[in-house]
Amino acid sequence: MKFSKRHFAKTITWRIIGTLDTLLLSWYISGDLAIGMKMGAFEMITKMVLYYIHERVWFKSKIKSSNKRHILKTFSWRGVGTLDTIILGWLISGNPLTGLKIGGAEVVTKMLLYFGHEKLWYRINFGLDKRNERKRLNNLTKQSEL
């Protein structure tokens, strides 16, 4: 698997947003700041690895429509992320119901946050040097044809 600075940057920015959401929700649901902090710390590691793999898989997708793509990515990532959260919440709190509650709450908050993150990154050209060069060459070709 080839390293991508774009996917790495997306992974870091999303993880910051996601960790804060997890920490706050875990603290609120469990009533224990220590559980929130542990959830945030463990998820920082597991989710960065899972998110990077998710980005690499989706980069090879043939889906071009931005809205369709963003919606499908949002749901596929949320499935992976929710399962990870439920398992970690259960292991850290010792209570499977706490894991389910945290995972359930995150389904809503994280999907909204993730969709916004995807829309923002779709507009950013960071790490897309080859694509930007092709666009520039296409524009030059079109201008020379006129």
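Keep in mind that this is a model prediction, so the values were computed, not measured.

Analysis parameters
- Residues numbered from 1 in each chain as written.
- Predicted model: local features only at pLDDT ≥ 70, side-chain atom pairs only at ≥ 80, totals over all residues.
- Heavy atoms only, no water.
- Helix = DSSP H or I, 4+ residues; strand = E, 2+ residues; numbered from the N terminus.
- Rg over C-alpha atoms; globule rule 2.2 N^0.38 Å.
- Contact = heavy atoms within 4.5 Å.
- Areas by Shrake-Rupley, 256 points an atom, 1.4 Å probe, with all protein chains shown as cover.
- Patch = residues over 30% accessible without salt bridge, like charges linked within 9 Å, V, L, I, M, F, W, Y side chains within 5 Å.
- Salt bridge = Lys/Arg side-chain N within 4 Å of Asp/Glu carboxyl O.
- Polar contact = N/O pair within 3.5 Å; in protein donor to acceptor, adjacent residues only side chain to side chain.
- Buried < 20%, exposed > 50% of the residue type's maximum accessible area, 1.4 Å probe, protein only.
- Axes fitted to C-alpha atoms, helices over the stretch in contact; angles between N-to-C directions.
- Left-handed = near helix turned anticlockwise from the far one by under 90°.
- Nonpolar A, V, L, I, M, F, W, Y, C, P; charged D, E, K, R; others polar.
- Expected span 1.5 Å × (residues − 1).
- Bend = angle between axes of the 7 residues up to and from the residue.

What about the overall build of the protein?
Regarding its fold elements, the protein presents five helices and zero strands. Going from N to C terminus, the protein has its helices and strands arranged as α-α-α-α-α. Taken against the 2.2 N^0.38 rule, which gives 15 Å for 146 residues, the C-alpha radius of gyration of the protein at 18 Å runs more than 25% over that of a compact globule. Along the three orthogonal principal directions, the C-alpha set of the protein runs to about 65 × 25 × 25 Å. Sequence separation of at least 24 residues holds for 75% of the intrachain contacts in the protein that already meet a minimum separation of 6. Put simply, the protein shows about 9000 Å² of open surface, and 70% of that area lies on carbon and sulfur atoms.

Re a nonpolar patch on the surface
Together, F3, F8, I12, I16 and L20 make up an exposed nonpolar region whose accessible area comes to about 490 Å². Inspection of the secondary structure puts I12 in helix 1 (residues 5-30).

Considering the environment of T19
Within the secondary structure layout, T19 lies in helix 1. As a C-alpha pair, T19 and M37 span 18 residues in sequence and 9.4 Å in three-dimensional space. Not counting residues up to four positions away in its chain, the partners in contact with T19 are G40 and M44. A polar contact of 2.7 Å, which involves the side chain of T19, links it to the backbone oxygen of R15.

As for the environment of D21
Along the chain, D21 turns up in helix 1. By relative accessible area, D21 is classed as buried at 12%. Linking D21 and A34, residues 13 residues apart in sequence, is a C-alpha distance of 15 Å.

With respect to the packing of helix 1 against helix 2 (residues 33-59)
Contact geometry of helix 1 with helix 2 gives a least axis separation of 8 Å together with a crossing angle of 145 degrees. Crossing hand, helix 1 versus helix 2: right-handed. Among the residues forming the contact of helix 1 with helix 2, the class breakdown is 14 nonpolar, eight polar and six charged.

What to know about helix 4 (residues 96-123)
In an α-helix, one turn spans 3.6 residues; hence positions three or four apart end up facing the same way. Here helix 4 is 28 residues long and its end C-alpha atoms lie 39 Å apart, about the 40 Å a rise of 1.5 Å per residue gives. Bending of helix 4 peaks at approximately 35 degrees at the position of V107. Taken together, the buried positions of helix 4 are occupied by T98, G99, I102, G103, E106, K110, M111, Y114, H117, E118 and W121. On the buried face of helix 4, the contacting elements are helix 1, helix 2 and helix 3 (66-93). Measuring from the side-chain oxygen of the N-cap residue of helix 4 to the backbone nitrogen of L97 gives 2.8 Å; that N-cap residue is N95.

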